[in-house]
Every structure is written in C-alpha cells, then in structure tokens.
Amino acid sequence: MARVVVWHVPVTVTGRTTSLRLFRLRDGRRCAVGFSSAGALAELLGPEQAAVELGEPALRALTAPLGVDELVLDPRLVAAPVVAPAAAAAVTAAVTAAPGDPSADGARPAAGRPTTRSGAQLQRR
C-alpha cells in the first residue's frame, strides 16, 4: 500500500463550519496550498491560522468540484516590488546620505563618522 503524505492545509473556521482557504497564482488561477509542516504554515500565514491535515488525494477530491486543479506545496510569500529597481536605488542613495554629509556627492564618509539611514523600508521575503 502506498504511503500518503500528509499536508497541513489552511482553513477558515466560521462557527461549526470549516472550509478550505483557496489562493491565487500570479496568473489569477485559483489554487489550494499545503505545507509540509505546521511550522512552515505558521511561518507564512501566522500562528493563528487554522489548519487541517489532509493527504494529497483528499485535497484534490475536495477542490476538483470547485474547478481548482492546481496544488502548491510550501508556497512562499510573493509581493510586487513597491518601486521600480532603478527608482529604489535612487531612493536608497538619497535616504542613506544625510544633508551635509560628504557621502551625498558620492564620496565615502570619514572614518568613524556614522551615516544616517532614516526612512529605510524593509521588504518581507
């Protein structure tokens, strides 16, 4: 007998009803997702995300009537860049150099002199 791999599948719980959470691929098609571990699910969707354990055949059987035939195992967070790469480099250079700082014109700051990094933005990957 073939061994069935268990996936941790995100669900939405409303009262006594539990339903699968469906997601979208970049091209707009709907897909179901599964995670190889509860930790991987919590890392991407948060520790509060409810989940059920299902084998791939069961997940396919649940999603087929909905017209969903794509399954993604261990997806990663994908987000569009906030600004174009060239614009981001210009913004980073402008934010990194403090007013009156010699590094603003491309020169390196004097040894021991800190540079200012105000307004820096972080992007989750």
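Cut-offs used in this document
Residues numbered from 1 in each chain as written. Predicted model: local features only at pLDDT ≥ 70, side-chain atom pairs only at ≥ 80, totals over all residues. Heavy atoms only, no water. Helix = DSSP H or I, 4+ residues; strand = E, 2+ residues; numbered from the N terminus. Pairing = 2+ DSSP bridges. Axes fitted to C-alpha atoms, helices over the stretch in contact; angles between N-to-C directions. Contact = heavy atoms within 4.5 Å. Core = buried A, V, L, I, M, F, W, Y, C linked by side-chain atoms within 4.5 Å. Buried < 20%, exposed > 50% of the residue type's maximum accessible area, 1.4 Å probe, protein only.

Trainee: Quick rundown of the environment of L73? Include the residues and the values.
Mentor: Here L73 lies in strand β6 (residues 71-73). Separated by 64 residues in the primary sequence, L73 and V9 have C-alpha atoms spaced 9.5 Å apart.

Trainee: With reference to specific residues and values, describe the sheet that holds strand β3 (residues 22-24).
Mentor: Overall, mixed pairing links the 3 strands, which are arranged β3-β4-β6 in an open sheet. Only two strands of the sheet have a single neighbouring strand rather than two, namely β3 and β6. Strand-to-strand, the axes of this sheet are offset by a mean angle of 45°, without reference to chain direction. As paired elements, β3 and strand β4 (residues 30-34) share 3 bridges and run antiparallel to each other. Counted as the bridge partner of R24 is R30 from β4. Along the sheet, helix α2 (residues 56-63) contacts β3, β4 and β6; its crossing angle with β6, the most-contacted strand, is approximately 145°.

Trainee: Outline the side chain of T63, listing residues and values.
Mentor: Note on placement: T63 falls in helix α2. If sequence neighbours within four positions are ignored, T63 has contacts with L20, L22, A32, V68 and L71.

Trainee: Can you explain unusual backbone geometry? Please cite residues and give values.
Mentor: If a residue is not glycine, its phi is most likely negative; likewise, a peptide bond is most likely trans. Positive phi, normally seen in glycine, also occurs at D74, with a value near 50°. You can see D74 is positioned in the loop between β6 and α3 (85-96).

Trainee: Go over the nonpolar core, please, and point to the residues and values.
Mentor: Core analysis: the largest hydrophobic core is formed by 6 residues, namely W7, V9, A32, L54, L59 and L71. Every residue in contact with V9, bar those within four places of it in the chain, is listed here: L20, V33, G34, L41, A50, A51, V52, L54 and L59.

By themselves, these figures tell us nothing about what the structure is for.
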